[in-house]
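Observations on chain architecture
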Amino acid sequence: MDKGLIKASDNRTLPIDQIIHGNCLTVMPTFPDASIDTVFVDPPYNLRLSRDLWRPNRTRVEAVTDEWDQFNDYSDYDVFTRQWVAECRRVLKPGGTLWAIGTYHNIHRIGTILQDMDFWILNDIVWIKTNPMPNFHGVRFTNAHEILIWAQKQRNSKTPFNYLTAKSLNDGLQMRSDWLMPTCVGKERIKKSGKRAHPTQKPVGLLYRILISSTRPGD
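Description of the structure in this document. (Residues numbered from 1 in each chain as written. Predicted model: local features only at pLDDT ≥ 70, side-chain atom pairs only at ≥ 80, totals over all residues. Heavy atoms only, no water.)

1. Here we look at helix H5 (residues 204-214)
Operational definition: For the exposure calls, accessible area comes from a 1.4 Å probe over protein chains only, and a residue counts as buried if that area is under 20% of its type's maximum, exposed if over 50%, partly exposed in between. Elements are defined by DSSP. Helices are runs of H or I of four residues or more, strands are runs of E of two residues or more, and each kind is numbered from the N terminus. The arc in question is the one spanned by the directions pointing from the helix axis to the C-beta atoms. A contact between two residues is defined here by any heavy atoms of the two lying within 4.5 Å.
Among the residues making up H5, those that are buried are Leu206, Arg209, Ile210, Ser213 and Ser214. Along the axis of H5, the buried residues cluster in a sector spanning 95°; they form a single face. On the buried face of H5, the contacting elements are strand S3 (36-41), strand S4 (92-102), strand S5 (120-129), strand S6 (145-152), helix H4 (163-168) and strand S7 (178-181).

2. Quick word on the side chain of Lys202
To keep things clear, this is the line we draw: Contacts described as polar in this section are N or O atom pairs within 3.5 Å, which, within protein, must combine one atom able to donate a hydrogen with one able to accept it, while residues neighboring in sequence count only if both atoms come from side chains.
Position of Lys202 among the secondary structure elements: in the loop between strand S9 (195-196) and H5. A residue is classified by how much of its surface remains accessible, and Lys202, at 11% relative accessible area, is buried. Polar side-chain contacts of Lys202 include one of 2.8 Å to the backbone oxygen of Thr200. Beyond its immediate sequence surroundings of up to four residues, Lys202 is in contact with Asp42, Tyr45, Ile101, Trp127, Glu146, Cys184 and Leu207.

3. Quick look at the sheet that holds S4
Basically, it comes down to this: We treat two strands as partners when DSSP finds at least two bridges between them. Every angle, taken between N-to-C directions, lies between 0 and 180 degrees, and every axis is a line fitted to C-alpha atoms, over only the stretch in contact when it is a helix.
Read from one edge to the other, the open sheet built from 5 strands follows the order S3-S4-S6-S5-S7, with strand pairing classed as mixed. Two strands close off the open sheet at either side, each with one partner strand: S3 and S7. Across the sheet, the mean angle from the axis of one strand to that of its neighbour is 20°, orientation sign disregarded. Judged from the 4 bridges that link them, S5 and S7 form a sheet pairing that is parallel. Paired with Trp127 across the bridge in S7 is Trp179. Sitting on the sheet, H5 is in contact with S3, S4, S5, S6 and S7, with an inclination near 140° to S7.

4. So, the nonpolar core
As a reminder, the rule being used: Put simply, buried Ala, Val, Leu, Ile, Met, Phe, Trp, Tyr and Cys residues joined by side-chain atoms within 4.5 Å make one nonpolar core.
Core analysis: the biggest nonpolar cluster contains 24 residues, and Val39, Trp84, Leu98, Leu114 and Phe119 have the highest contact counts within it. Sorting elements by how many residues they give to this core places helix H2 (residues 74-91) first, with 6 residues. Every residue in contact with Leu98, bar those within four places of it in the chain, is listed here: Val39, Val41, Trp84, Cys88, Leu92, Leu114, Phe119, Ile149, Trp150 and Ala151.

5. A look at the environment of Ile121
Tracing the backbone shows Ile121 in strand S5. Sequence separation between Ile121 and Arg155 is 34 residues; the distance between their C-alpha atoms is 8.5 Å. When residues no more than four places from it in sequence are discounted, the contact partners of Ile121 are Gly111, Gln115, Ile149, Trp150 and Ala151.

6. Some details on the pattern of salt bridges
Quick reminder of the rule: Salt bridges are identified by distance alone: a Lys or Arg side-chain nitrogen within 4 Å of an Asp or Glu carboxyl oxygen.
In the structure shown here, the tally under the stated rule is 7 salt bridges. Between Asp78 and Arg109 there is a salt bridge; the shortest N-O distance is 2.7 Å. On the criterion of sequence distance, the pair formed by Asp78 in helix H2 and Arg109 in helix H3 (residues 107-116) is long-range, its members being 31 residues apart. For Asp78, a relative accessible area of 11% corresponds to the buried category. On the basis of relative accessibility, which here comes to 29%, the residue Arg109 falls in the partly exposed class.

7. Side note on unusual backbone geometry
Phi at Asp118 takes a positive value of approximately 70°, unusual for a residue other than glycine. Counting through the fold element by element, Asp118 comes out in the loop between H3 and S5. Owing to a relative accessible area of 55%, Asp118 belongs among the exposed residues under this scheme. Even without a glycine there, the phi angle at Asn156 is positive, about 65°. Relative to the elements of secondary structure, Asn156 occurs in the loop between S6 and H4.

8. Concerning the packing of aromatic side chains
Keep this limit in mind: Under the pairing criterion, centres of Phe, Tyr and Trp rings, with the six-membered ring standing for Trp, must be within 6.5 Å; the plane angle then separates stacked pairs below 30 degrees from edge-to-face pairs above 60, leaving the rest tilted. A ring has a charge above it when a Lys NZ or an Arg CZ is no more than 6 Å from the ring centre and no more than 35 degrees off the ring normal.
Summed over all chains, the structure comprises 7 aromatic pairs. Here the aromatic cluster, defined as three or more aromatic residues joined through ring pairs, consists of Trp99, Trp150, Phe161, Tyr163 and Trp179. When the ring centre of Trp120 is taken as origin, the NZ or CZ atom of Arg155, which lies over that ring, is 3.7 Å away. Directly above the ring of Trp179 sits Arg209, whose terminal nitrogen or CZ lies 5.1 Å from the centroid.

Right, here's the structure in full:
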């Protein structure tokens, strides 16, 4: 195999460093088995919003209402989750790992399915948001965090963890499982025609910390 290229299951030769835009359940089946080092997945939250959200000043909250977050029920969501988890498992190398992020709406279902499909959970990370959206009506706690699951394809495999690098990112202290950083704001928030391009865009710093701590150069 030429350096910098990957052979797809339909005999296409694909460059490694590229963005492929499409449905993961359509795109991933074209990848060969055991060809991927690390997967980061930000799946639909399955918020199941039944009505618009409004602030006390009567302005509408820009919530996640996109078609990709619409599921009939939990069973429907679980079927979808098992599909992408199965594909992730197939394309991951034996020592490969998967990172999944979510909220209380979906992350516990995803964790159960990962375990049911023989992934071994290494850590769960709490991303604590320094600028969370408030609970405008004061009827429950402010939802100020998301949870990341870091899991191995095979238990006890030689999974990379760059301990000293992670420590250097944390002022010389052992990296903990609670990560404090803001959500995307200002120039980091990608917009199209003045509106946010994606409702659940994650901060670059979050992905940087994941990749720098759990992958090797050249992965």
